[in-house]
Amino acid sequence: YFGIHQQSDFDIDAKAEDMAAIKVTEFSGEKPGWVLKVTLDKFTSGSDTAEGLQLFYPNVVPKTSVVSGKPYAPVSKGTDDSFFSDVTNKGTIVNDDKTNIKLAEAAEGHGYGDWEFLYSGDNVVQLKIPTGKKVGNYKAVLTYTVEDGPTSF
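Residues numbered from 1 in each chain as written. Predicted model: local features only at pLDDT ≥ 70, side-chain atom pairs only at ≥ 80, totals over all residues. Heavy atoms only, no water.

Some thoughts on the overall build of the protein
Along its length, the protein carries zero helices and twelve strands. Along the chain direction, N to C, the helices and strands of the protein fall in the order β-β-β-β-β-β-β-β-β-β-β-β. Computed over C-alpha atoms, the radius of gyration of the protein comes to 17 Å, within 12% of the 15 Å expected from 2.2 N^0.38 for 153 residues, which places it in the range of a compact globule. For the protein, the C-alpha atoms occupy an extent of roughly 50 × 30 × 25 Å along the three principal directions. Within the protein, buried positions represent 37% of all 153 residues. For the protein, long-range pairs separated by at least 24 residues make up 85% of all intrachain contacts whose partners lie at least 6 apart in sequence. A total of about 8700 Å² of accessible surface is found on the protein, and carbon and sulfur atoms cover 48% of it. With 15 positive and 22 negative side-chain charges, the protein shows a spacing of 1 Å between the two charge centroids. (Helix = DSSP H or I, 4+ residues; strand = E, 2+ residues; numbered from the N terminus. Rg over C-alpha atoms; globule rule 2.2 N^0.38 Å. Buried < 20%, exposed > 50% of the residue type's maximum accessible area, 1.4 Å probe, protein only. Contact = heavy atoms within 4.5 Å. Areas by Shrake-Rupley, 256 points an atom, 1.4 Å probe, with all protein chains shown as cover. Lys, Arg positive; Asp, Glu negative; His and termini not counted. Charge placed at Lys NZ, Arg CZ, Asp CG, Glu CD.)

Here you go:
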């Protein structure tokens, strides 16, 4: 997903090679609003664990096929900087410590319908690998949750 990289004396920053999409559907009729969160487990390769890796999700405007118009759209408005200096879009950094991190929210009365957060083109998910990690084919589990009732960023 992030390609093959050579071991380095410096941190390795990588951009996803494929588009990623997260879809949230809310058709309860109650329109309570919602919060989209993500947690990241440690990256492992066999019995090896690489700690301290991070993902960066850029802020994106969700697309919908049900309700159009910005007044009803959920928002992603992370304030973290990208791992790449040529990417000016802010976003959200997710650490590999299983902490629930907010990616987006819809205020009460908003977020009704189907919403798709597309990470593609200049707005792909990024990975930071700190220096000194053992070479291997690492994988990690991402867990996405949606909770009723938004909280503020």
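Details of the pairing of strand E9 (residues 101–106)
Strand residues, when the strand is regular, have side chains that alternate between the two faces of the sheet. Counting buried positions over the six residues of E9 gives five, a clear majority of the element. Bridge analysis of strand E3 (residues 34–40) against E9 gives five bridges, and the strand direction is antiparallel. Its bridge partner being in E9, Leu-36 is matched across the sheet by Ala-104. (Pairing = 2+ DSSP bridges.)

Things to note about the packing of aromatic side chains
Counting across every chain of the model gives four aromatic pairs. Measuring from ring centre to ring centre gives 5.5 Å for Phe-27 and Tyr-112, while their planes differ by 85°; the resulting arrangement is edge-to-face. Of this pair, Phe-27 sits in the loop between strand E2 (20–26) and E3 while Tyr-112 sits in the loop between E9 and strand E10 (113–119), and the two are 85 residues apart along the sequence. A relative accessible area of 45% places Phe-27 in the partly exposed class. Relative accessible area serves as the criterion here: at 25%, Tyr-112 is assigned to the partly exposed category. Relative to Phe-83, the ring of Phe-56 lies with its centre 5.9 Å away and its plane at 55°, an arrangement referred to as tilted. Taken together, the residues Phe-56 in strand E6 (residues 54–58) and Phe-83 in the loop between strand E7 (63–64) and strand E8 (91–95) connect sequence positions 27 residues apart. Using a relative accessible area of 0% as the deciding quantity, one classes Phe-56 as buried. (Phe/Tyr/Trp six-rings, centres within 6.5 Å; stacked < 30°, edge-to-face > 60°.)

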